[in-house]
Amino acid sequence: MKSITGICRFYLKQVRPQFELYVTPINIDPSNPALPLSTPEKYARELSRELGYFYTQGIAEDTKALTSGC
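About the criteria used
Residues numbered from 1 in each chain as written. Predicted model: local features only at pLDDT ≥ 70, side-chain atom pairs only at ≥ 80, totals over all residues. Heavy atoms only, no water. Helix = DSSP H or I, 4+ residues; strand = E, 2+ residues; numbered from the N terminus. Rg over C-alpha atoms; globule rule 2.2 N^0.38 Å. Buried < 20%, exposed > 50% of the residue type's maximum accessible area, 1.4 Å probe, protein only. Contact = heavy atoms within 4.5 Å. Areas by Shrake-Rupley, 256 points an atom, 1.4 Å probe, with all protein chains shown as cover. Lys, Arg positive; Asp, Glu negative; His and termini not counted. Charge placed at Lys NZ, Arg CZ, Asp CG, Glu CD. Salt bridge = Lys/Arg side-chain N within 4 Å of Asp/Glu carboxyl O.

Student: Explain the overall build of the chain here, please?
Tutor: Scanning the chain from N- to C-terminus turns up two helices and four strands. On C-alpha atoms alone, the chain measures out to a radius of gyration of 15 Å, which is more than a quarter above the 11 Å that the 2.2 N^0.38 rule sets for 70 residues. Taken along its principal axes, the extent of the C-alpha atoms in the chain is 50 × 30 × 20 Å. In the chain, which comprises 70 residues, the proportion classed as buried is 19%. Long-range pairs, those at least 24 residues apart, make up 35% of the contacts in the chain between residues at least 6 apart in sequence. Surface exposure of the chain reaches about 5,900 Å², of which carbon and sulfur atoms provide 57%. Positive and negative charge centroids in the chain, built from 8 and 7 side chains respectively, lie 6 Å apart.

Spelled out as structure tokens, the structure:
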């Protein structure tokens, strides 16, 4: 068994009267990728160190946010 890390964003829409929390799709953590994200492989880690976290799901748009009303 292996542990992996991922990144996502949380958006708390409301607490009352009904709790509503939206979570974006989980992306591979570019600072510690479980799968190769770049060529050379160390490039994704270097980018993460220089620029911070970035989307790794394939497209930058969160396509489910609109349909979820976020």
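Now that the structure has been shown, the text picks up again.
Student: Would you mind going over the environment of Tyr 43 with me for this structure?
Tutor: Relative to the elements of secondary structure, Tyr 43 occurs in helix H1 (residues 42–51). A residue is classified by how much of its surface remains accessible, and Tyr 43, at 41% relative accessible area, is partly exposed.

Student: Is there a simple way to think about the side chain of Ser 48 in this case?
Tutor: Relative to the elements of secondary structure, Ser 48 occurs in helix H1. Other than its neighbours up to four places away in sequence, Ser 48 contacts Pro 30, Ser 31 and Phe 54.

Student: Mind showing me how you'd approach the pattern of salt bridges here?
Tutor: If the charged atoms of two oppositely charged side chains come close together, the side chains can form a pair. With the rule as written, the count across this model stands at one salt bridge. Where Glu 20 meets Lys 13, a salt bridge forms, and the shortest distance between an N and an O atom there is 3.8 Å. On the basis of relative accessibility, which here comes to 27%, the residue Glu 20 falls in the partly exposed class. Residue class for Lys 13 comes out partly exposed when judged on its relative accessible area of 35%.

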